[in-house]
Amino acid sequence: MNRLVDLYANEVFEDFLDDPKCEECGNLATQRCSKCKMAWYCSRDCQLRQWKKHKPICGVFAESKAANEEEKKSK
């Protein structure tokens, strides 16, 4: 899981992806979840509507990302 989070969180990798789409409506997204940085949204309204679905995975990604950063600091 840590490797997957590192891959998707890597900003260099983002250059090879299509433009981000809103998790809720599919429109072009310009904002991402501030906690996990994995989900994209076109507006605050879409983010709020999607929150119940996103919340469980958001915590997993955020925890994994924090653990990876802590591990890197200790090396």
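J.: When you look at helix α3 (residues 44–74) in this model, what are you seeing that I'm missing?
T.: Every α-helix carries 3.6 residues per turn, so stepping three or four residues along brings you back to the same face. Given a rise of 1.5 Å per residue, 31 residues ought to cover 45 Å, yet the end C-alpha atoms of α3 are separated by just 36 Å, more than 12% below that figure. The largest bend along α3 reaches roughly 70 degrees and is located at Trp 51. Among the residues of α3, Cys 46, Gln 47, Gln 50, His 54, Cys 58, Gly 59, Phe 61, Ala 62, Ser 64 and Asn 68 are the ones counted as buried.

J.: Would you mind going over the environment of Pro 20 with me for this structure?
T.: Relative to the helices and strands, Pro 20 resides in the loop between α2 (11–14) and β1 (31–32). A residue is classified by how much of its surface remains accessible, and Pro 20, at 23% relative accessible area, is partly exposed. In this structure, Pro 20 is in contact with Asn 27, Leu 28, Ala 29 and Trp 40, ignoring residues within four places of it in sequence.

Cut-off values and rules
Residues numbered from 1 in each chain as written. Predicted model: local features only at pLDDT ≥ 70, side-chain atom pairs only at ≥ 80, totals over all residues. Heavy atoms only, no water. Helix = DSSP H or I, 4+ residues; strand = E, 2+ residues; numbered from the N terminus. Expected span 1.5 Å × (residues − 1). Bend = angle between axes of the 7 residues up to and from the residue. Buried < 20%, exposed > 50% of the residue type's maximum accessible area, 1.4 Å probe, protein only. Contact = heavy atoms within 4.5 Å.

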